[in-house]
Amino acid sequence: MTMYAALLRGINVGGRKKLPMAELRTLMTGLGYGSVQTYLQSGQAVFATDHGDGGSLAAELSAAIQERFGFPVDVLVRDHAYLRAIAEACPFPAAELEARQLHVTYFSAPVAPERFADLDAAAHLPEEFRLGDRALYLYAPDGLGRSKLAEALSRPRTNKGLIATTRNWNTVVKLVQLTAPAP
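Note that this is a predicted model, so its numbers are computed, not measured. (Residues numbered from 1 in each chain as written. Predicted model: local features only at pLDDT ≥ 70, side-chain atom pairs only at ≥ 80, totals over all residues. Heavy atoms only, no water.)

Draft legend 1. Region of the structure containing the layout of surface pockets. The space that makes up the largest pocket amounts to roughly 820 Å³. Forming the walls of the largest pocket are 32 residues, and the residues nearest its centre are Arg9, Leu144, Ala164, Thr165 and Thr166. Counting only elements with at least two residues in the lining of the largest pocket, the list comes to strand 5 (102-107), strand 7 (135-139), helix 4 (148-153) and strand 8 (164-168). When residues in the lining of the largest pocket are grouped by element, the largest group, five residues, is from strand 8. Residues belonging to the lining of the largest pocket are distributed by class as follows: 14 nonpolar, eleven polar and seven charged. Taken as a whole, the second largest pocket spans an internal volume of roughly 160 Å³. Lining of the second largest pocket is provided by 14 residues; of these, Gly54, Gly55, Ala58, Val77 and Arg78 occupy positions nearest its centre. Looking at the lining of the second largest pocket, the elements with two or more residues in it are helix 2 (54-69) and strand 4 (75-79). Considered class by class, the residues forming the lining of the second largest pocket number seven nonpolar, four polar and three charged. (1 Å grid on protein atoms, 1.4 Å probe; cavity = no way out; pocket = protein on both sides within 12 Å on 5 of 7 lines; lining within 4 Å. Points joined across faces, edges and corners; volume = space filled by probe spheres on them. Helix = DSSP H or I, 4+ residues; strand = E, 2+ residues; numbered from the N terminus. Nonpolar A, V, L, I, M, F, W, Y, C, P; charged D, E, K, R; others polar.)

Draft legend 2. Molecular detail of empty space enclosed by the protein. Under the definition given, this model contains one cavity of 30 Å³ or more. Its boundaries defined by the atoms lining it, the largest cavity holds a volume of some 30 Å³. In terms of lining residues, the largest cavity is bounded by Arg115, Phe116, Asp118, Leu119, Ala152, Arg155 and Thr158. Per-class residue counts for the lining of the largest cavity are three nonpolar, one polar and three charged.

Draft legend 3. Main features of the sheet that holds strand 4. What the four strands build is an open sheet, ordered 2-3-1-4; its pairing is antiparallel. The sheet is open, and its two edges are formed by strand 2 (34-39) and strand 4, each paired on a single side. Pairs of neighbouring strands in the sheet enclose a mean axial angle of 20 degrees, with direction left out of account. Both strand 2 and strand 3 (residues 44-49) contribute to a ladder of four bridges, which runs antiparallel. When the sheet's bridge partners are listed, Gly34 is paired in strand 3 with Ala48. (Pairing = 2+ DSSP bridges. Axes fitted to C-alpha atoms, helices over the stretch in contact; angles between N-to-C directions.)

Below is the structure:
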(Lines give C-alpha, C1' and ligand atoms only; values in the text may rest on other atoms or scores of the structure.)
Protein backbone atom coordinates (compact mmCIF):
# COMPACT_ATOMS: atom_id res chain seq x y z
CA MET A 1 0.00 0.00 0.00
CA THR A 2 1.28 3.44 -0.91
CA MET A 3 0.54 6.44 1.29
CA TYR A 4 -0.75 9.52 -0.50
CA ALA A 5 -1.84 13.04 0.36
CA ALA A 6 -4.88 14.54 -1.36
CA LEU A 7 -4.71 18.32 -1.68
CA LEU A 8 -8.14 19.82 -2.25
CA ARG A 9 -8.23 23.29 -3.72
CA GLY A 10 -10.55 26.03 -2.49
CA ILE A 11 -12.74 24.25 0.04
CA ASN A 12 -14.02 25.66 3.35
CA VAL A 13 -12.78 29.14 2.44
CA GLY A 14 -15.02 32.13 3.06
CA GLY A 15 -18.12 30.01 3.52
CA ARG A 16 -17.90 28.55 0.04
CA LYS A 17 -17.59 24.90 -0.93
CA LYS A 18 -18.19 23.62 2.58
CA LEU A 19 -16.85 20.12 2.88
CA PRO A 20 -16.83 18.70 6.41
CA MET A 21 -13.69 16.67 7.04
CA ALA A 22 -15.61 13.83 8.74
CA GLU A 23 -17.73 13.45 5.60
CA LEU A 24 -14.62 13.55 3.41
CA ARG A 25 -13.07 10.74 5.48
CA THR A 26 -16.27 8.69 5.10
CA LEU A 27 -16.32 9.31 1.35
CA MET A 28 -12.67 8.29 0.97
CA THR A 29 -13.13 5.16 3.04
CA GLY A 30 -16.10 4.28 0.83
CA LEU A 31 -13.80 4.52 -2.20
CA GLY A 32 -11.73 1.74 -0.67
CA TYR A 33 -8.89 3.90 0.65
CA GLY A 34 -7.29 2.80 3.92
CA SER A 35 -5.74 4.70 6.83
CA VAL A 36 -7.73 7.83 5.92
CA GLN A 37 -6.94 10.92 7.99
CA THR A 38 -7.62 14.59 7.41
CA TYR A 39 -5.39 17.46 8.45
CA LEU A 40 -6.90 20.85 9.27
CA GLN A 41 -10.13 22.04 7.64
CA SER A 42 -8.52 23.49 4.54
CA GLY A 43 -8.37 20.41 2.38
CA GLN A 44 -5.69 17.88 3.18
CA ALA A 45 -6.30 14.17 3.55
CA VAL A 46 -3.89 11.27 3.68
CA PHE A 47 -4.74 7.72 2.71
CA ALA A 48 -3.32 4.39 1.62
CA THR A 49 -4.19 2.43 -1.49
CA ASP A 50 -2.61 -0.12 -3.76
CA HIS A 51 -4.44 0.89 -6.94
CA GLY A 52 -4.02 3.80 -9.30
CA ASP A 53 -1.53 6.62 -9.44
CA GLY A 54 -1.67 10.28 -8.42
CA GLY A 55 -3.56 11.37 -11.53
CA SER A 56 -6.17 8.62 -11.53
CA LEU A 57 -6.69 8.89 -7.77
CA ALA A 58 -7.16 12.67 -8.03
CA ALA A 59 -9.75 12.21 -10.79
CA GLU A 60 -11.56 9.50 -8.82
CA LEU A 61 -11.71 11.60 -5.66
CA SER A 62 -12.72 14.77 -7.50
CA ALA A 63 -15.59 12.94 -9.25
CA ALA A 64 -16.75 11.40 -5.95
CA ILE A 65 -16.75 14.82 -4.25
CA GLN A 66 -18.75 16.33 -7.13
CA GLU A 67 -21.28 13.51 -6.93
CA ARG A 68 -21.61 13.55 -3.13
CA PHE A 69 -21.42 17.29 -2.39
CA GLY A 70 -22.70 18.76 -5.65
CA PHE A 71 -19.81 21.08 -6.48
CA PRO A 72 -16.51 20.65 -8.32
CA VAL A 73 -13.25 20.52 -6.38
CA ASP A 74 -9.83 20.39 -7.96
CA VAL A 75 -7.72 17.68 -6.32
CA LEU A 76 -4.02 16.87 -6.53
CA VAL A 77 -2.74 13.57 -5.15
CA ARG A 78 0.94 13.12 -4.31
CA ASP A 79 2.76 10.19 -2.76
CA HIS A 80 5.14 10.28 0.19
CA ALA A 81 8.30 10.12 -1.94
CA TYR A 82 7.25 13.19 -3.92
CA LEU A 83 6.22 15.16 -0.83
CA ARG A 84 9.50 14.31 0.91
CA ALA A 85 11.52 15.27 -2.17
CA ILE A 86 9.74 18.64 -2.36
CA ALA A 87 10.48 19.37 1.31
CA GLU A 88 14.12 18.30 0.97
CA ALA A 89 14.64 20.37 -2.21
CA CYS A 90 13.46 23.64 -0.66
CA PRO A 91 15.80 26.36 -1.96
CA PHE A 92 15.14 28.59 1.04
CA PRO A 93 16.46 28.08 4.60
CA ALA A 94 13.23 26.57 5.95
CA ALA A 95 14.67 25.85 9.41
CA GLU A 96 15.48 29.54 9.85
CA LEU A 97 12.10 30.89 8.70
CA GLU A 98 8.67 31.10 10.25
CA ALA A 99 6.17 28.75 8.61
CA ARG A 100 4.02 31.72 7.57
CA GLN A 101 6.94 33.02 5.48
CA LEU A 102 7.43 29.93 3.34
CA HIS A 103 4.88 28.30 1.05
CA VAL A 104 4.75 25.67 -1.65
CA THR A 105 2.33 25.82 -4.54
CA TYR A 106 1.75 22.36 -5.98
CA PHE A 107 0.89 22.16 -9.68
CA SER A 108 -0.89 19.46 -11.66
CA ALA A 109 1.88 19.41 -14.28
CA PRO A 110 5.46 20.60 -14.75
CA VAL A 111 5.78 24.36 -15.01
CA ALA A 112 8.28 26.00 -17.35
CA PRO A 113 10.05 29.19 -16.25
CA GLU A 114 8.65 30.90 -19.37
CA ARG A 115 5.27 31.14 -17.65
CA PHE A 116 6.81 33.74 -15.35
CA ALA A 117 8.90 35.60 -17.94
CA ASP A 118 6.80 38.76 -17.78
CA LEU A 119 7.00 38.93 -13.98
CA ASP A 120 9.46 41.51 -12.65
CA ALA A 121 10.88 39.46 -9.77
CA ALA A 122 13.20 42.26 -8.66
CA ALA A 123 10.22 44.57 -8.13
CA HIS A 124 8.92 42.19 -5.45
CA LEU A 125 12.08 41.81 -3.37
CA PRO A 126 12.61 40.74 -0.64
CA GLU A 127 9.89 38.28 -1.68
CA GLU A 128 11.21 35.53 -3.92
CA PHE A 129 10.12 32.37 -5.67
CA ARG A 130 11.84 29.34 -7.13
CA LEU A 131 10.47 26.52 -9.26
CA GLY A 132 10.71 22.85 -8.36
CA ASP A 133 9.22 19.58 -9.58
CA ARG A 134 5.58 20.53 -10.27
CA ALA A 135 5.97 23.02 -7.44
CA LEU A 136 6.77 26.63 -6.73
CA TYR A 137 8.47 27.71 -3.51
CA LEU A 138 7.51 31.18 -2.27
CA TYR A 139 9.36 33.16 0.36
CA ALA A 140 7.07 35.93 1.63
CA PRO A 141 8.63 37.54 4.74
CA ASP A 142 5.39 39.33 5.70
CA GLY A 143 3.18 36.28 5.07
CA LEU A 144 1.02 35.17 2.19
CA GLY A 145 -1.87 37.53 2.92
CA ARG A 146 0.28 40.61 2.33
CA SER A 147 2.34 39.19 -0.50
CA LYS A 148 2.24 41.14 -3.75
CA LEU A 149 4.38 38.45 -5.35
CA ALA A 150 1.86 35.75 -4.41
CA GLU A 151 -0.84 37.86 -6.01
CA ALA A 152 1.20 38.18 -9.21
CA LEU A 153 2.02 34.47 -9.26
CA SER A 154 -1.64 33.46 -8.93
CA ARG A 155 -2.92 35.39 -11.95
CA PRO A 156 -5.13 33.22 -14.16
CA ARG A 157 -2.92 33.69 -17.22
CA THR A 158 0.11 32.48 -15.27
CA ASN A 159 -1.63 29.29 -14.13
CA LYS A 160 -3.73 28.70 -17.24
CA GLY A 161 -4.41 25.02 -17.80
CA LEU A 162 -3.08 23.99 -14.39
CA ILE A 163 -4.48 23.05 -11.05
CA ALA A 164 -2.51 24.99 -8.45
CA THR A 165 -2.90 24.85 -4.69
CA THR A 166 -0.70 26.41 -2.02
CA ARG A 167 0.26 25.18 1.45
CA ASN A 168 2.33 26.83 4.18
CA TRP A 169 5.53 25.20 5.35
CA ASN A 170 3.97 23.65 8.47
CA THR A 171 1.49 21.81 6.26
CA VAL A 172 4.22 20.77 3.79
CA VAL A 173 6.20 19.18 6.64
CA LYS A 174 3.14 17.63 8.28
CA LEU A 175 2.06 15.93 5.05
CA VAL A 176 5.51 14.38 4.72
CA GLN A 177 5.16 13.03 8.26
CA LEU A 178 1.59 11.79 7.80
CA THR A 179 2.40 9.91 4.58
CA ALA A 180 5.61 8.35 5.89
CA PRO A 181 5.67 4.54 5.88
CA ALA A 182 5.05 2.95 9.24
CA PRO A 183 8.30 2.00 11.00
